[in-house]
Amino acid sequence: MSVGPTAGETPPAAGGWREGDPNGRRQWFRGELPGLPVRIAYETWGALDPQRSNAVLVLHALTGDSHVVGEAGPGHPTPGWWDGLIGPGRPVDTRRWFVVAPNVLGGCQGTTGPWAAAPDGRPWGARFPRVSVRDQVAAEALLADALGIDAWAAVLGGSMGGMRALEWAVSLPDRVKSLLVLAAPAASTAEHIALASAQLHAIRLDPVRGMGVARRIAHLSYRSAPELEARFGRDRQADGRFAVESYLDHHADKLVRRFDPESYAVLTEAMNGHDVGAGRGGVRAALGRVTARSVVAGIDSDRLYPLAQQAEIAEGLGVDLRVVSSPFGHDGFLIEVEQVGALVAELLAGDPGGDPGSGAAGLQGSRRA
Ligand SMILES: CC(C)(COP(=O)(O)OP(=O)(O)OC[C@H]1O[C@@H](n2cnc3c(N)ncnc32)[C@H](O)[C@@H]1OP(=O)(O)O)[C@@H](O)C(=O)NCCC(=O)NCCS
Ligand SMILES: CC(=O)OCC[C@H](N)C(=O)O
């Protein structure tokens, strides 16, 4: 097992998603899951304290990566997907906290996935084994071991990252001191699986164009109907397309340029299999294992993972459901940085059940259900 920067070790140069690391921040770790050698790409901010007690794990969603914080590095500047949340003076203040953000197992931004070389030297491609959310957490636990982190001060995740955050707290309760589960379910429902099934069919018919179709379907589930109505209504563009069609085309084109269809399928299958209660006596019993101080939050306009799904988790953990108010639907977990930041600050202040507005870590916009 090895850890740390690995000079010259970047994914093969080819398509956009294989392009390596423009800002040179990324590090790699190699380990082994049963039957699967893994390499995990990760980024860090801040410094680990001598007691190794200040580490915060940040877990990305489906098409995210380790680049949580943007920077104007020596390469081209790259935005982060949770800019504003992490850094000096930010809710996760890197003068105090050591932040670790890995790319997920099965992903395509540096961590082992279908794009990577199998032991026979050829890319895994469609031969890549089916991995579960539990495998992904097991891989992240190997990284934690290698970094010498026995327990995370906090594990934070939204959407697919929220599934992994919850799985961490259920399967390794002694290693998670506090937990943010944002806009994620305890188990994927029939509707989630059905929505994913249509996407997977499209990708199997034609990986590249199919992923474009998959993104259109998925992106609709990430936004709210009132938002789409207010922004686009029935407007048509000069080229004859409805404006909302053009908007979806744009998001599809962007994803095709930056993501691997086989990876998209592997991660989607992993989410379909997500059920923290499976083999553990059900969701309620599984949630009973969690010892972390917890904040569980949802977005009030989320039609993919509606509030009732976070309410189930909150109830099982014995905490109030927190509600982020947003017109943007599920993607509110990325967009409503101020409200999410207030929840994170509250969690890290050690007072997740604290009085709204009490002190610097008080709520700014989100509410209790
Ligand atoms: C991050 C994100 C959720 C932010 O949402 P947002 O700021 O509300 O962005 P929107 O959904 O309004 O999309 C804006 C884009 O649509 C384009 N757009 C808007 N209306 C359009 C139309 N009628 N036709 C074509 N394109 C249109 C904008 O030009 C803009 O393009 P750009 O992103 O290339 O600059 C969103 O950009 C996104 O889904 N990004 C994908 C990456 C991601 O999710 N990363 C994090 C994973 S952890
Ligand atoms: C299910 C999930 O992780 O959704 C994340 C949506 C986000 N916009 C993304 O593209 O990752």
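This is a predicted model, so every value here is computed, not measured.

Draft legend 1. Here's a closer look at the pattern of salt bridges. Scanning the entire structure with this criterion turns up 19 salt bridges. The residue Arg127 makes a salt bridge to Asp120 at a minimum N-O spacing of 2.8 Å. The exposure class assigned to Asp120 is partly exposed, which follows from its relative accessible area of 44%. Where Glu269 meets Arg204, a salt bridge forms, and the shortest distance between an N and an O atom there is 2.8 Å. On the criterion of sequence distance, the pair formed by Glu269 in helix 7 (residues 261-273) and Arg204 in helix 3 (residues 190-205) is long-range, its members being 65 residues apart. In this structure, a network of salt bridges that share partners links the residues Arg216, Asp239, Arg241 and Asp249.

Draft legend 2. Structural view of the site of ligand 1. Around ligand 1, the structure places 20 residues, and the nearest of them are Arg223, Arg231, Ser246, Tyr247 and His250. Ala243 places a polar main-chain atom, nitrogen or oxygen, 3.2 Å from a nitrogen atom of ligand 1. Between ligand 1 and the protein, one listed contact pairs a nitrogen atom with a side-chain N or O atom of Ser246 at 2.5 Å. Taken by itself ligand 1 offers 950 Å² of open surface, and the protein chains cover 65% of this. Elements with a minimum of two residues in the shell around ligand 1: helix 4 (207-222), helix 5 (225-232), helix 6 (243-258) and helix 10 (332-335). Broken down by element, the residue count for the shell around ligand 1 peaks at 7 residues, all from helix 6. Across the shell around ligand 1, the residue classes tally to 7 nonpolar, 7 polar and 6 charged.

Draft legend 3. Region of the structure containing the UniProt feature "binding site: substrate" (unreviewed entry) in the chain. As recorded in UniProt, the sites labelled "binding site: substrate" (unreviewed entry) are Arg215 and Asp331. A maximum C-alpha distance of 13.4 Å among these annotated residues, which run over 117 residues, shows that they cluster at one spot. Inspection of the secondary structure assignment puts Arg215 in helix 4. Excluding residues within four positions of it along the chain, Arg215 makes contact with Thr63, Tyr222, His251, Ala252, Leu255, Arg258 and Tyr264.

Reading the values: rules and limits
- Here the residue index of a chain counts from 1 through its sequence in written order.
- For this description, chains carry letters from A and ligands carry numbers from 1, given in the order in which they are written.
- Local features in this predicted model are restricted to residues whose pLDDT is 70 or higher, and side-chain atom pairs enter the listing and the counts only when it is 80 or higher, whereas totals over whole chains, interfaces and linings include all residues.
- Only heavy atoms go into the side-chain values, all of them from the structure, while hydrogens and water stay out.
- A pair is scored as a salt bridge if a Lys or Arg side-chain nitrogen falls within 4 Å of a carboxyl oxygen belonging to Asp or Glu.
- Only protein chains enter the area calculation, which uses a 1.4 Å probe; residues under 20% of their type maximum are buried, those over 50% are exposed, and those in between are partly exposed.
- Secondary structure counts use DSSP, requiring at least four H or I residues in a row for a helix and at least two E residues in a row for a strand, with both numbered from the N terminus.
- The criterion for a residue being near a molecule or strand is simple. One of its heavy atoms has to lie within 4 Å of it.
- Distance and chemistry together define a polar contact, namely a pair of N or O atoms within 3.5 Å, with one atom able to donate a hydrogen and the other to accept it when in protein, and with adjacent residues in sequence counting only for side-chain atoms on both sides.
- Method for areas: the Shrake-Rupley scheme with a 1.4 Å probe, in which residue coverage is limited to the protein chains shown.
- Three residue categories are used. Nonpolar comprises Ala, Val, Leu, Ile, Met, Phe, Trp, Tyr, Cys and Pro, charged comprises Asp, Glu, Lys and Arg, and polar comprises the others, including Gly.
- UniProt positions are given in the numbering used here, feature names are shortened, and annotations may be inferred rather than shown by experiment.
- In what follows, residue pairs with any heavy atoms lying within 4.5 Å of each other are defined as contacts.

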